[in-house]
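# Structural description and commentary
Residue strings, one per chain:
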Amino acid sequence: MTEKPKPAKPLPDHLHLDTLAVRAAVDKSQYGENSEALYLTSSFVQPDAETAARRFAGEEEGYIYSRFTNPTVTSMEQRLAQLEGTEACMGTSSGMSAILLLCMGLLKAGDHVICSQSVFGSTIRLIAGEFGKFGVQSTFVSQTDVAHWRAAVQPNTRLLFAETPTNPLTDVCDIEALSKVAHAAGALLAVDNCFCTPALQQPAKLGADLIIHSGTKYLDGQGRVIAGALCTTQKMIDEKFMPVMRSAGMTLSAFNAWVVLKGMETLSIRMKAQSESALALATWLQAQPQVARVYYPGLESHPQHALAMRQQSGLGGAVVSFDVKAADPVQAHKNAFHVIDCTQVCSITANLGDTKTTITHPASTSHGRISEAQRQAAGIGQGLVRVAVGLENIEDLKADLDRGLCGLDT
Ligand SMILES: Cc1ncc(COP(=O)(O)O)c(C=O)c1O
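These figures come from a predicted structure and were not determined experimentally. For every chain, the first residue of the written sequence is number 1, and numbering continues from 1 along that sequence. With pLDDT at 70 or above as the cut-off, local features in this predicted model cover only qualifying residues; side-chain atom pairs require 80 or more to be listed or tallied, and sums for whole chains, interfaces and linings still use all residues. The basis for every side-chain value is the complete set of non-hydrogen atoms in the structure, without hydrogens or water.

Just so you know, the domain bounds were taken from an automatic or database domain assignment. Domain annotation for the chain reports domain 1 (17-265) and domain 2 (268-405). The centre of domain 1, based on its C-alpha atoms, is set 27 Å off from the matching centre of domain 2. Taken residue by residue, the interface counts 38 residues in domain 1 and 39 residues in domain 2. By buried area we mean how much accessible surface two parts lose on assembly, using a 1.4 Å probe and totalling the loss over both. At the boundary of domain 1 with domain 2, total buried surface from both sides reaches about 3100 Å², with 56% on carbon and sulfur atoms. Area buried by domain 1 at its contact with domain 2 is led by Leu 169, Leu 200 and Tyr 218, which between them contribute 25% of it. Any carboxyl oxygen of Asp or Glu that lies within 4 Å of a side-chain nitrogen of Lys or Arg is treated as forming a salt bridge with it. The interface formed by domain 1 and domain 2 includes 1 salt bridge. The partner of Lys 272 in a salt bridge is Asp 18, and the shortest N-O contact between them spans 3.7 Å. Here a polar contact is recorded for every N or O atom pair within 3.5 Å, except that within protein the pair must consist of a potential hydrogen donor and a potential acceptor, and residues adjacent in sequence are included only if both atoms are side-chain atoms. Taken together, domain 1 and domain 2 are joined by 11 residue pairs in polar contact (both at pLDDT 80 or more). For the side of domain 1 that touches domain 2, the elements supplying multiple residues, two or more each, are helix 1 (17-23), helix 5 (121-133) and helix 8 (197-200). Here the term charged refers only to Asp, Glu, Lys and Arg, the term nonpolar to Ala, Val, Leu, Ile, Met, Phe, Trp, Tyr, Cys and Pro, and the term polar to all other amino acids, Gly among them. By residue class, the composition of the side of domain 1 that touches domain 2 is 18 nonpolar, 14 polar and 6 charged. The contact rule is simple, with two residues in contact once any of their heavy atoms fall within 4.5 Å. Going along the chain from the N terminus, every DSSP run of H or I of four or more residues is numbered as a helix, and every run of E of two or more is numbered as a strand.

The next thing to look at is the site of the ligand. Near residues are defined by distance, with any heavy atom within 4 Å of the molecule or strand qualifying the residue. The local shell around the ligand consists of Ser 94, Gly 95, Met 96, Phe 120, Glu 163, Asn 167, Asp 192, Cys 194, Ser 214, Thr 216, Lys 217 and Ala 227. Within the side chain of Asn 167, an N or O atom sits 3.2 Å from an oxygen atom of the ligand. Take Lys 217: an N or O atom from its side chain is 2.9 Å from an oxygen atom of the ligand. The fraction of the free accessible surface of the ligand (390 Å²) that becomes covered by protein chains is 90%. The method behind every accessible area is Shrake-Rupley, applied with a 1.4 Å probe, and residues are considered shielded solely by the protein chains displayed.

Our next topic: the packing of helix 3 (residues 71-84) against helix 10 (residues 254-263). To define axes, lines are fitted to C-alpha atoms, for helices over the stretch in contact only, and angles between the resulting N-to-C directions are given on a 0 to 180 degree scale. Remark: helix 3 packs on helix 10, axes separated minimally by 8 Å, with the N-to-C direction vectors making an angle of 35°. Regarding helix 3 and helix 10, the two cross each other, and that crossing is left-handed. Taking contact as the criterion, the partners of Thr 72, Val 73, Ser 75, Met 76 and Arg 79 in helix 3 are, on helix 10, Ala 254, Ala 257, Trp 258, Val 260 and Leu 261. Tallied by class, the residues present in the contact of helix 3 with helix 10 amount to 7 nonpolar, 2 polar and 1 charged. Crossings are assigned a handedness: left-handed for a near helix turned anticlockwise from the far helix by less than a right angle, right-handed for a clockwise turn.

Before going further, it helps to spend a moment on the sheet that holds strand 2 (residues 112-116). Strand order in the open sheet formed by 7 strands is 1-7-6-5-4-2-3, and the pairing between neighbours is mixed. Only two strands of the sheet have a single neighbouring strand rather than two, namely strand 1 (88-92) and strand 3 (137-141). With strand direction ignored, the average angle separating the axes of adjacent strands in the sheet is 20°. Here strand 1 pairs with strand 7 (residues 228-232) via 5 bridges, running antiparallel. Strands qualify as paired when DSSP identifies two bridges or more between them.

It is worth spelling out the nonpolar core at this point. Counting 35 residues, the largest nonpolar core has Met 76, Leu 80, Leu 83, Tyr 218, Val 260, Met 264 and Leu 267 as the members making the most contacts within it. Elements represented by at least two residues in this core include exactly helix 1, helix 3, helix 8, strand 7, helix 10 and helix 11 (267-286). In terms of residue count, helix 3 provides more of this core than any other element does, 5 residues in total. Residue contributions to this core reach at least three from each of two domains, namely domain 1 (17-265) and domain 2 (268-405). For Leu 83, the residues in contact, after removing those within four places along its chain, are Leu 17, Leu 20, Ala 21, Pro 198, Gln 202, Met 264 and Leu 267. Here the nonpolar core consists of buried residues drawn from Ala, Val, Leu, Ile, Met, Phe, Trp, Tyr and Cys, with membership extended through side-chain atoms lying within 4.5 Å. Each residue is placed in one exposure class: buried if its accessible area under a 1.4 Å probe, protein chains only, is under 20% of its type's maximum, exposed if it is over 50%, and partly exposed if it falls in between.

Within helix 7 (residues 175-184), the full set of buried residues consists of Ile 175, Leu 178, Ser 179, Val 181 and Ala 182. The buried residues of helix 7 occupy an angular sector of 160° when projected down its axis, which confines them to one face. Turned more than 90 degrees from where helix 7 packs its buried face, Lys 180 and Ala 184 sit exposed. For helix 7, the elements touching its buried residues are helix 6 (146-151), strand 4 (157-163), strand 5 (188-192) and helix 12 (305-311). The directions considered for the arc are those from the helix axis to the C-beta atoms.

Next up, the structure:
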């Protein structure tokens, strides 16, 4: 018989983010395992009927059913909350289901949402299309102009939704300024922090009330699972989001939570390395004669460079987009496809946040199902190519893009 281990040592206060990413939320050990346990179970056995009744009534803490809570998911939630600097977090089955949970928990018919017109395509469709069907009004505004957000405020505005930097054009918004607009209007600010992650940017410290994550991206970091999360106060989770989760069930699976939990351990180091490579690639792209424009917050030529450096710990993130030169939209589409199809290292896939560099044509993939007018408003042209830089050697990545660029008919 092995000796039963002593409870895990409590962590000291005021640890750095890199330490928390590895160490936070591992105090549930039963057998002294050093890696976090994975609890693959749909339900939890109750000691007796009385306890089961108290737990179902919410009068006593305890796991009941994995649609509501699960210890592996709790570990992932606590670790992410500590990294984001929020009281609490709720894991969800995907990034989109985190936004669905957000909207279901906060909005009702007649409420109004102000959203950046440059956010992820599915976010636009969810807010304008799906929630529009249920009577939620929405206004889409310029990502970067705070005056547009302020001018869009109505008496029934409940939520401001921003994503910074945006996908794919890397527009950066001023989180602190937007939080002031939201709070002056009696509304809440939600920020999709998928591109920066808390390793670079902690929106709660700048006044955001709710932080959205696609765990599918950098939190996992190796393109293995679909996952999401919503970080906010414990009160909001208890009162607004847990009731929706219990009845609607956009639950994060324990296995996916475990993958994300382990992925977060290398988050800081990956974000720094991938951001450095992205800056080198963006700088190189800017010097290529076949490239009309490069979108990357780490470049001095980026319109919000100073704000991005202030808000994102001095790093631009790992996503670089660029427009290939072309005489017209038809040629632009052809040239963008040529550059993508000539790559041999980059993966042609719409995902991002992977250690493997990915390349995509936003106008026909991630933003292919919004209207042409919405695409134009978001500035996504046919010649746009998005590269989410991974951990390969930067010289191999430059050579991979050069294969298509060097033969382009501009
Ligand atoms: C910025 C952003 N938010 C949310 C999502 C949705 O995440 P998921 O695919 O995990 O639902 C994505 C997906 O690409 C994204 O890029």
